[in-house]
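# Structural description and commentary
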Amino acid sequence: MLTIAVDGPSGSGKSSVSKEVARRLGLAYLDTGAMYRAATLWAQRAVGDLTDQPRVAEAVRAMPLVMGLDPDAPIVTLDGADVSAAIRTTEVSTEVSKVATNLAVRDELRRRQREIITGAGGVVAEGRDITTVVAPDADVRVLLTASEEARLRRRSLDVHGVADADAVEATRDQVLRRDRDDSTVMEFQVAADGVVTVDSSDLDFEQTVRAVLAVVAQVT
Ligand code: C5P
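The name given to the chain in an unreviewed UniProt entry is Multifunctional fusion protein, with Xylanimonas ulmi as the source organism.

Written out as C-alpha cells, the structure reads:
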C-alpha cells in the first residue's frame, strides 16, 4: 500500500508525471487540484459570491463529489455529472484561488483527501500541500519544481497549443497570479524536511518520470 505524495506549482508537470508514475506502478491517482476546481464550480453555481466564505464552505461541505482514481481516466463527477472538462475552463482557473484560500474549505477537502488516500490501496496523490499537510507520513514525498520559464512554456502549450512569445505572455499573468495567491495560504515552492526535490526544468517528460521513479526505488 504505497502512498506517493507529489507537490508542485502550476506548469511543473506534476499532473502528467504523477499519472504516468501511477500507471507504471499500478497505483491509483488522486488529483487534489481537481477537487479545489470542482469546489469552485460548485460554489459558483450554488453560492455565486465566492468571497462569502461561510456560505462557500457550507456549500462545499455538502458537495456531492466523486473522484475517479484511474490514471487513464480520472473522471470527476459532481452531482452525478462528469465535470472533468468544466473544471478546466478559464472561469474556474481564474477563481479557484478564492476558494482554495478559504480555510474551512481546505479543512473539508483535506479530510476527504485523507479518506480517499487511506481507502485507495496504493496511490499517487498530487497537489500543493500533500507532502506537508494531507499526507506528511507518505512513503515517498516529492516536490516537483521547474524554472518559471519552463513552467510558462508548458502551461502555454497546454492551454494554447503553442509556446511562442505571444502565447507565453498570455499565460504569464494567469500562472504567476495563481501561484502568488496560492502562496498566501501554503508553501509549495520550497521542499519541507524529508521531501525530495525533482527539478524538471531541463528534463523531458520521460526523464522526469524516471527521476520520480528513482526516488520511489530508494525507499521501497
Ligand atoms: O493543480 P491545479 O492547477 O489543477 O490546482 C488548481 C488550484 O487548486 C491551485 O491553483 C490551488 O489554488 C488549489 N490547490 C490547493 N491545494 C492542493 C491542490 C490544489 O490549494 N493540494
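What follows covers the sheet that holds strand β4 (residues 76-78). The strand order across the open sheet built from three strands is β3-β4-β5, with neighbouring strands paired in antiparallel fashion. A strand with exactly one partner marks an edge of an open sheet, and here the two such strands are β3 (65-67) and β5 (81-82). Inspection of the sheet shows β4 paired to β5 by two bridges, in the antiparallel sense. Its bridge partner lying in β5, T77 is registered against D82. The strands that helix α2 (residues 32-46) touches are β3 and β4; relative to β4, the one it contacts most, it runs at about 25°.

Right, let's talk about the nonpolar core for a bit. Formed by 37 residues in total, the largest nonpolar core has its most connected members in V56, M63, L65, V76, V105 and L109. It is α2 that contributes the most residues to this core, eight residues altogether. Setting aside anything within four residues of it in sequence, one finds V56 in contact with A43, V47, D49, L50, V99, N102 and V105. Y29, V209, V212 and V216 belong to the second-largest nonpolar core, a separate cluster that totals 16 residues.

So, on to helix α3 (residues 53-61). Where α3 is concerned, the buried positions are V56, A57, A59 and V60. Around the axis of α3, the buried residues are gathered within 160° of arc, so they sit on the same side. Those residues of α3 that are exposed and angled more than 90 degrees off the buried face are P54 and E58.

Calculation criteria
- Residues numbered from 1 in each chain as written.
- Predicted model: local features only at pLDDT ≥ 70, side-chain atom pairs only at ≥ 80, totals over all residues.
- Heavy atoms only, no water.
- Pairing = 2+ DSSP bridges.
- Helix = DSSP H or I, 4+ residues; strand = E, 2+ residues; numbered from the N terminus.
- Contact = heavy atoms within 4.5 Å.
- Axes fitted to C-alpha atoms, helices over the stretch in contact; angles between N-to-C directions.
- Core = buried A, V, L, I, M, F, W, Y, C linked by side-chain atoms within 4.5 Å.
- Buried < 20%, exposed > 50% of the residue type's maximum accessible area, 1.4 Å probe, protein only.
- Arc of directions from axis to C-beta.

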